[in-house]
Amino acid sequence: AYTKQNGFLCNQGGYHGHSISTIQVSPYKFDGPGGSGCPASVRVAPCPDLYNGSSNHVEHYVHELEKCADELVQSSFGLAAWIVEAASGCGGHVMMPSGYLNACTQIVRERGGVVIADEVQSGFGRMGSTFWAFEAVQQGDTTDCVAPDIVTLGKPIGNGHPMGAVITT
């Protein structure tokens, strides 16, 4: 509602939940067995895997996300948000490379979208000395500081009970 747009960006292999709306932005689910494919309002950018991906250059992956963002902006859906796991869970446990989150956050915000950090699988101190995965990928790199607009979290917040939370700025 904030952006008045409906289009979403996500990364290949992303898993953001199993409700109807979160499956629509989860390639792990909609491209998997029994999935119904990518919705028209969603664009999927490659996972920036510098080791096993199509390139070992961060700029390549930033450009790919930018192309997806521009497609949405030019579509009837517009760009509402980019949902991202700074440390992909189901997508192969890939840490976003230095510079990626910052560059992509700028792209999304310049086009009127918001940035959603999905910390359900990686947040709550699971990354070592940081509380959030988006902090862990920028450790030691002050040029890659990102403050997401929205953070989603769950699992450990309920100590075994099915709870989740959303934090906004």
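Now for a look at the structure at hand.

1. Notes on the overall build of the protein chain
Point 1. Scanning the protein chain from terminus to terminus reveals five helices and six strands.
Point 2. Walking the protein chain from its N terminus toward its C terminus, one meets helices and strands in the order β-α-α-β-α-β-α-β-α-β-β.
Point 3. Here the C-alpha atoms of the protein chain give a radius of gyration of 15 Å, agreeing with the 15 Å that 2.2 N^0.38 yields for 169 residues.
Point 4. Taking the principal axes of its C-alpha atoms as reference, the protein chain extends roughly 40 × 35 × 35 Å.
Point 5. A sequence separation of at least 24 residues applies to 60% of the contacts in the protein chain between residues at least 6 apart.
Point 6. For the protein chain, the exposed surface amounts to about 8,600 Å²; the carbon and sulfur share of it is 54%.

2. Digging into the packing of helix H3 (residues 58-74) against helix H4 (residues 100-110)
Point 1. Following both chains from N to C, one finds H3 and H4 inclined at 20°, their axes separated by 10 Å at the closest point. Compared by their axis directions, H3 and H4 come out roughly parallel. For the pair H3 and H4, the crossing hand works out as right-handed. Counted together, Val-58, Tyr-61, Val-62, Leu-65, Glu-66 and Ala-69 of H3 and Tyr-100, Ala-103, Cys-104, Ile-107 and Val-108 of H4 form the full contact between these two elements.
Point 2. Residue classes in the contact of H3 with H4 are distributed as 10 nonpolar, no polar and one charged.

3. Concerning the pairing of strand E3 (residues 81-84)
Point 1. Here E3 shows two buried faces, one formed by Ala-81 and Ile-83 and the other by Trp-82 and Val-84.
Point 2. Note that strand E1 (residues 8-11) and E3 share two bridges and pair parallel. By the bridge assignment for E3, Leu-9 is matched with Trp-82.
Point 3. In the sheet, E3 pairs with strand E4 (residues 114-118) via four bridges, with the strands oriented parallel. Note on E4: the bridge partner recorded for Ile-83 is Ile-116.

4. With respect to the packing of aromatic side chains
Point 1. On inspection of all chains with the given rule, the structure shows two aromatic pairs.
Point 2. Seen in terms of ring centroids, Trp-82 and Tyr-100 are 6.0 Å apart; in terms of plane orientation they differ by 75°. Their pairing is edge-to-face. Of this pair, Trp-82 sits in strand E3 while Tyr-100 sits in helix H4, and the two are 18 residues apart along the sequence.
Point 3. Given the relative accessible area of 0%, Trp-82 is considered buried.
Point 4. Relative accessible area serves as the criterion here: at 0%, Tyr-100 is assigned to the buried category.

5. Description of unusual backbone geometry
Point 1. Backbone geometry at Lys-4 places phi at a positive 60°, although glycine is not the residue there.
Point 2. For Lys-4, the position within the fold is in the segment before E1.

The rules behind the values
Residues numbered from 1 in each chain as written. Predicted model: local features only at pLDDT ≥ 70, side-chain atom pairs only at ≥ 80, totals over all residues. Heavy atoms only, no water. Helix = DSSP H or I, 4+ residues; strand = E, 2+ residues; numbered from the N terminus. Rg over C-alpha atoms; globule rule 2.2 N^0.38 Å. Contact = heavy atoms within 4.5 Å. Areas by Shrake-Rupley, 256 points an atom, 1.4 Å probe, with all protein chains shown as cover. Axes fitted to C-alpha atoms, helices over the stretch in contact; angles between N-to-C directions. Parallel < 35°, antiparallel > 145°, perpendicular 65-115°, else oblique. Left-handed = near helix turned anticlockwise from the far one by under 90°. Nonpolar A, V, L, I, M, F, W, Y, C, P; charged D, E, K, R; others polar. Buried < 20%, exposed > 50% of the residue type's maximum accessible area, 1.4 Å probe, protein only. Pairing = 2+ DSSP bridges. Phe/Tyr/Trp six-rings, centres within 6.5 Å; stacked < 30°, edge-to-face > 60°.

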